[in-house]
Amino acid sequence: MAENTSQPRRMNDDLITAHVGETGGLMRALNALQQHDGYIDAALVPKLAKAFNITKAEVKGVISFYDDFTKAPKGKHVIRICQAEACQAVGSRGLTAAAIEKLGIGLGETTPDGRVTVEAVYCLGLCASGPAAMVDGQLKGRVSAHLFDAYAEEGEA
Amino acid sequence: MTKIYVPLDSSAVAMGADEVAAKIEAITGIAPVRNGSRGMAWLEPLVEVETPKGRVAYGPVTLDDVAGLIRDGMMEGRAHALCHGLTEELPFLARQERLTFARCGITNPLSMDEYASHGGLDGIQKAIGMSAEAICDEVMTSGLRGRGGAAFPAGIKWNTVRGADADQKYIVCNADEGDSGTFADRMIMEGDPLLLIEGMAIAGLGTGATKGYIYLRSEYPVAKRVLTAAIDRAYWKGLLGNDVLGSGKAFHLEVFMGAGAYICGEETSLLESLEGKRGQVRAKPPLPALEGLMAKPTLVHNVISLCAVPTILAKGGEFYRDHGMGRSTGTMPFQIAGNVACGGLVEKAFGVTLGELVNGFGGGTRSGRPIKAAQVGGPLGAYIPLDKFDMPMDYETFAKIGAGVGHGGIVVFDDTADMAEQAKYAFDFCAHESCGKCTPCRIGAVRGSEEMAKLIAGGDATTHLTLVEDLCEVMEDGSLCAMGGMTPVPVKSALDYFPEDFLKGDKG
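Residues numbered from 1 in each chain as written. Chains lettered and ligands numbered in written order. Predicted model: local features only at pLDDT ≥ 70, side-chain atom pairs only at ≥ 80, totals over all residues. Heavy atoms only, no water.

- As recorded in an unreviewed UniProt entry, chain B goes by the name Formate dehydrogenase beta subunit, listed as coming from Kordiimonas lacus.
- Annotation of chain B in UniProt includes, under Sequence similarities (unreviewed entry), the sentence "Belongs to the complex I 51 kDa subunit family." (UniProt positions renumbered as here; feature names shortened; annotations may be inferred.)

- An unreviewed UniProt entry lists chain A under the name Formate dehydrogenase gamma subunit, from Kordiimonas lacus.
- In its Sequence similarities (unreviewed entry) section, UniProt records this for chain A: "Belongs to the complex I 24 kDa subunit family."

Let's talk about the confidence of the model for chain A
Then, number 1: Per-residue confidence for chain A averages 92 on the pLDDT scale, and 91% of its residues sit at or above 70.
Then, number 2: In the predicted structure, residues 1-5 of chain A sits below a pLDDT of 50 and forms zero contacts with residues beyond four places in sequence or in another chain. (pLDDT = per-residue confidence, 0-100. Contact = heavy atoms within 4.5 Å.)

Quick word on the sheet that holds strand β4 (residues 133-135) of chain A
For sheets, the rule is that strands pair by backbone hydrogen bonds, running either parallel or antiparallel.
Residue and element names in this part refer to chain A.
Then, number 1: Strand order in this open sheet of five strands is β2-β3-β1-β4-β5, and the pairing throughout is mixed. Here the strands that pair on one side only, and so sit at the sheet edges, are β2 (109-110) and β5 (138-140).
Then, number 2: Sitting on the sheet, helix α6 (residues 92-103) is in contact with β1 (77-82) and β3 (116-121), with an inclination near 155° to β1. (Pairing = 2+ DSSP bridges. Helix = DSSP H or I, 4+ residues; strand = E, 2+ residues; numbered from the N terminus. Axes fitted to C-alpha atoms, helices over the stretch in contact; angles between N-to-C directions.)

Describing the domain arrangement of chain A
Then, number 1: What the domain assignment reports for chain A is domain 1 (2-65) and domain 2 (77-156).
Then, number 2: Look at where the C-alpha atoms of domain 1 of chain A and domain 2 of chain A centre, and you get two points 30 Å apart. (Domains from an automatic or database assignment.)

Focus on the packing of aromatic side chains
Then, number 1: Evaluation of the coordinates by the stated rule reveals 12 aromatic pairs over all chains.
Then, number 2: Taking 5.7 Å as the distance between ring centres and 65° as the angle between the ring planes, the aromatic pair formed by A:Tyr66 and A:Phe69 counts as edge-to-face. Of the two residues, A:Tyr66 and A:Phe69, both sit in the buried class.
Then, number 3: With centroids separated by 4.9 Å and ring planes inclined at 70°, the aromatic side chains of B:Trp42 and B:Phe92 adopt a geometry described as edge-to-face. Here B:Phe92 lies in helix α4 (residues 91-94) and B:Trp42 lies in the loop between α2 (17-28) and β2 (47-51), a separation of 50 residues in the sequence.
Then, number 4: Among the aromatic side chains, those forming a connected cluster through ring pairs are A:Tyr122, B:Tyr262, B:Tyr425 and B:Phe429. (Phe/Tyr/Trp six-rings, centres within 6.5 Å; stacked < 30°, edge-to-face > 60°. Buried < 20%, exposed > 50% of the residue type's maximum accessible area, 1.4 Å probe, protein only.)

Some remarks on the pattern of salt bridges
Then, number 1: Per the counting criterion, the structure on display carries 35 salt bridges over all chains.
Then, number 2: As a salt-bridge pair, B:Asp428 and B:Lys424 come within 2.9 Å of each other at their nearest N and O atoms. Of the two residues, B:Asp428 and B:Lys424 both sit in helix α17 (residues 419-433), four residues apart, roughly one turn of that helix.
Then, number 3: The class for B:Asp428 is partly exposed, based on a relative accessible area of 28%.
Then, number 4: Taken together, the shared-partner salt bridges connect A:Glu22, A:Arg28, B:Lys211 and B:Glu254 into one network. (Salt bridge = Lys/Arg side-chain N within 4 Å of Asp/Glu carboxyl O.)

Quick word on the pairing of strand β3 (residues 54-58) of chain B
Residues and elements named next belong to chain B.
Then, number 1: With respect to burial, β3 is a largely interior element, four of its five residues being buried.
Then, number 2: Hairpin remark: β2 followed by β3, antiparallel, with two residues in the connecting loop.
Then, number 3: Pairing between β3 and strand β4 (residues 83-86): two bridges, direction antiparallel. Residue pairing for β4: Val 56 is matched across the bridge by Leu 86.

Here we look at the nonpolar core
Then, number 1: Residues A:Leu48, A:Tyr66, B:Trp158, B:Met189, B:Leu196 and B:Phe502 are the most contacted members of the largest nonpolar core, which totals 148 residues.
Then, number 2: If one sorts the elements of this core by residue count, helix α10 (residues 193-207) of chain B sits on top with nine residues. (Core = buried A, V, L, I, M, F, W, Y, C linked by side-chain atoms within 4.5 Å.)

Considering helix α8 (residues 154-163) of chain B
All names here are of chain B.
Then, number 1: Those residues of α8 lying buried are Ala 154, Gly 155, Lys 157, Trp 158 and Val 161. The buried side chains of α8 occupy one side of the element, clustering within an arc of 160° when seen end-on.
Then, number 2: At its buried positions, α8 is contacted by α7 (132-142), α10, α12 (267-274), β8 (298-302) and α13 (303-315). (Arc of directions from axis to C-beta.)

Remarks on the environment of B:Met187
Residue and element names in this part refer to chain B.
Then, number 1: Tracing the backbone shows Met 187 in helix α9 (residues 184-191).
Then, number 2: Its relative accessible area of 1% is what places Met 187 among the buried residues.
Then, number 3: Sequence separation between Met 187 and Ser 11 is 176 residues; the distance between their C-alpha atoms is 8.7 Å.
Then, number 4: With near-sequence residues (within four places) excluded, Met 187 lies in contact with Asp 9, Ser 37, Arg 38, Gly 39, Arg 98, Phe 101, Cys 104, Asp 192 and Leu 345.

Here's the deal with the pairing of β8(B)
Residues and elements named next belong to chain B.
Then, number 1: Taken across its five residues, β8 has five buried, putting it largely inside the fold.
Then, number 2: Alignment of strand β5 (residues 170-175) against β8, held across five bridges, turns out to be parallel. Bridging from a neighbouring strand, Cys 173 pairs with His 301 of β8.

Have a look at this one:
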């Protein structure tokens, strides 16, 4: 048990100290932590503040400013649906409504079983192939509502 | 051995290009070259096969098509329902004037040898033999203006940084391409990343900067992978490092990842973010050219501006200037997006009309319904009605009607679009993305959205629109940067050109 908890903590320390002294070090550390842990653990804020010689409030300010940094883990699957104009022009509003209906959660929410998170994203650069989405890091163009079926059915099973 | 190409571009990958490439290799034993995109999004994944006559195009190729295509002779370039003949002869490509995108989709993006044999490195080789002043003069002569949206003369910026006295100067590439409807930055970073690296290295030689950063948005994972690999390659081949191609001058470069904030495309906000802080806009002056990153002189340019530089140096500022019209010189990679049949990237000299791009190249709407409007220049750009589609795309013509060319994005809407909803969205987007530093933007956007919601719900149009117009004036005049200052552009254009959409809910 002690082994299990100390291991990731030491890795987090490394992810922080690796970026001290670099240009934009705090952003790099936060991106690394978000990628590694899937969220930014509030318990790390004092460590970040000490490492970068800034206040805890400043660290929290940076975390809250950027959409990519989250305070809690996301679902096992993350579906990001583009909400910007080029995708609106080809039906992203309807697509988003279908996702909400099929999965039973709103944008920015996670299913109660922690399986799926649905998020808004503002442009994936697939503006001539919309509506666009990103599922677990994979880009998807010309998306139809069928995309969500697998995730909806998995939940009912 | 037959050479076959399957793009690694996001627009191809999003339509299954990785799976298509794997299947082709599994069947034929030939690993496809992963090239950039040709910019014809509706044909992606566009598979090309090299034949004695030239490259033959097949698309859009799905995983299910692959076996049949190979059986029917795709590897020999034979005819097929998905075959479009020689790629170079496709009208969408043949009618373009590709200077910046000349290599994109043709070469292997990570091959320095192919880059050099297709005209790459000519610019920097020339620059190495020139003084910093002469390099800046060449950029000045070209008339190049910032392609990110603000259209500021590049040469002036270069000379300011060059003339600044400092122990350290920086080149920062703004690759936070957040405008919906734009993907030129992404496409060139994925399809010809060495071009951006060369452009930044030339900027280093011209201004005396020895360190560069590419600030890349996190929504572009493919671009991150390709750019990082290209930078490694550039160090290996001596294009980056302590002695750039034997010039005796150093230039170092790295990719810096953003974290999902649109406002970081604003240059001062970007610099704050690059320093590891909240991406809050700085008041200007001081100009970033004098006090930018870490308060040092910094040349901040959009990807496409920097990618125009190698051509300008290789062929001369005058060659570049001879394209375009009036004070809008050179070429612009226009991006045709949204509800369009044949969307993609069209690089043309300034002066091509909006209608030619949307109908001539784009072939009208994808839905087959009549066009209602096109939003030009991203979320802060105007909705242009059909009767203005004969407008030439140049900075001055658009400025005259209160619109902008921006980063060259064109989003097409058919007649089902509701312009009151689009106006509300403009406020919503600003509310979501505002950095919060200045009140007109932070509060104005929220109030604007509230008023639009009431109007759409059937409230009294006169009351709500009077307030919306008032808010627009305050945001335009009082905002610190273009986020708040230009959010009124889409709102007012929607209202001016499509007033009927704002009045239909009016029960008053």
